[in-house]
Amino acid sequence: MNIICEYIKYIAKAKGRYQIHSPFVYELVDVCFSQKVAKKDKKTLARFTSTLYNDKNNYEFDTQGAGSKRKKTFAQIKQYATNARTKGKYWTLLYKISTHYKPTRILELGTNFGFGSLAFSLGHPSAEIDTVEGSNILYEINQKNFKNFSNHKIEFHRNTFDTFFDTKPQTKYDLIFIDGDHTSEKLFKHLEKAIEYAHNETLILIDDIRWSGDMYDAWEQITADKRFNLTIDLFKLGIILLKDNKEKEHFIIRY
Ligand SMILES: C[S@@+](CC[C@H](N)C(=O)[O-])C[C@H]1O[C@@H](n2cnc3c(N)ncnc32)[C@H](O)[C@@H]1O
């Protein structure tokens, strides 16, 4: 997939706030996107990042899924973290979504170094977050690193996603972030499982919808799926709402 061509196509189709007729999407663009990251939270993110990046130990990473081209790599965190973690304006987006929608219960599939969990937690500190990661070394690094950030309600699960779902969590989540194995096959599998733990208002976020042709095909199938009343394309991230109590709609929105 040529990401520059895809971006040009996306920008040509994407709508701005005045072209939107869905109240949910209008609010997303007009109110949610306008949230600001608090100064203290910017500082926390900077401190979190530098604590990780200043760790000069070498670790043997055993990251899971299609996103990790090499299954095991011996490296420092700084050399390893840059590709898979959420950063920049998409980190800010996770923060804004959490700040604006105030989800009480969040599920993240794919913790990596915890940047997504941190965004959700800083955006809405009382959110109870379950985050699932299959890599042992990432789980251990996160256990250590998050001790410095005590004011959070993040529960780290050292599990594959399948094993996590096998434990049959006794809850419904208000927000589910699927950011794990970037193949259509695994995405569909994890999405089906996630739906069992969603209610009508749950926001389901899918990361890296343009990571490959295969992921984008999957996203197109999702947008055509009648069970999802509302789907929103934000270029890197896709948002799904199961029921918006209206006819099925799909939006490509500039972010
Ligand atoms: C793209 S990274 C997640 C980034 C993170 N959500 C963030 O916001 O920074 C994907 C992570 O999912 C993990 N993963 C992939 N497939 C998995 C599976 N089937 N079970 C458990 N973890 C998995 C990988 O080890 C990797 O750390």
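That block above? That's the structure.
The structure presented is a predicted model; accordingly, all values stated were derived computationally and were not measured.

Chemist: Can you help me understand unusual backbone geometry in this one?
Modeler: Glycine aside, negative phi is the norm for most residues, and most peptide bonds take the trans geometry. In this model, Asn-112 sits at a positive phi of 55°, which is unusual for a non-glycine residue. With respect to the secondary-structure elements, Asn-112 resides in the loop between strand 3 (105–109) and helix 6 (115–123). On the neighbour-count criterion, Asn-112 (26 C-beta atoms within 10 Å) is buried.

Chemist: Before we go on, may I ask you to explain the pairing of strand 8 (residues 230–233) in this structure?
Modeler: In the case of a regular strand, side chains alternate between the two sheet surfaces. Residues Leu-230 and Ile-232 of strand 8 are buried on one face, and the alternating residues Thr-231 and Asp-233, pointing to the opposite face, are buried as well. The sheet contact formed by strand 8 and strand 9 (residues 237–241) spans 4 bridges and is antiparallel. Bridge assignment links Thr-231 to a residue of strand 9, and that residue is Ile-240. Linkage of strand 8 to strand 9, two consecutive antiparallel strands, is achieved through a turn of 3 residues, within which Phe-235 is found at a positive phi near 75°. As paired strands, strand 8 and strand 10 (residues 249–252) are joined by 4 bridges and run parallel to one another. When the sheet's bridge partners are listed, Asp-233 is paired in strand 10 with Ile-252.

Chemist: Would you mind showing me how to read the packing of helix 5 (residues 88–101) against helix 6 here?
Modeler: Geometrically, a packed helix pair is captured by the angle between its two axes and the distance between the axes. Two elements in contact, helix 5 and helix 6, have axes whose closest approach is 7 Å; the angle formed by their N-to-C orientations is 35°. The two elements helix 5 and helix 6 cross, and the hand of that crossing is right-handed. Taken together, the residues of helix 6 that come into contact with helix 5 (itself represented by Trp-91, Leu-94, Tyr-95, Lys-96, Ser-98 and Thr-99) are Phe-115, Gly-116, Ala-119, Phe-120, Leu-122 and Gly-123. In the contact of helix 5 with helix 6, the residues fall into 7 nonpolar, 4 polar and 1 charged.

Chemist: How do you make sense of the site of the ligand when you look at a structure like this?
Modeler: Gly-65, Thr-86, Gly-110, Gly-116 and Gly-134 are the nearest of the 22 residues found near the ligand. At the level of secondary structure, the elements contributing two or more residues to the shell around the ligand comprise helix 6 and strand 4 (128–133). Of the residues belonging to the shell around the ligand, the class tally is 5 nonpolar, 12 polar and 5 charged.

Calculation criteria
- Residues numbered from 1 in each chain as written.
- Predicted model: local features only at pLDDT ≥ 70, side-chain atom pairs only at ≥ 80, totals over all residues.
- Helix = DSSP H or I, 4+ residues; strand = E, 2+ residues; numbered from the N terminus.
- Buried ≥ 20, exposed ≤ 12 C-beta atoms within 10 Å, placed from the backbone.
- Pairing = 2+ DSSP bridges.
- Axes fitted to C-alpha atoms, helices over the stretch in contact; angles between N-to-C directions.
- Left-handed = near helix turned anticlockwise from the far one by under 90°.
- Contact = placed C-beta atoms within 7 Å.
- Nonpolar A, V, L, I, M, F, W, Y, C, P; charged D, E, K, R; others polar.
- Near = placed C-beta within 6 Å.

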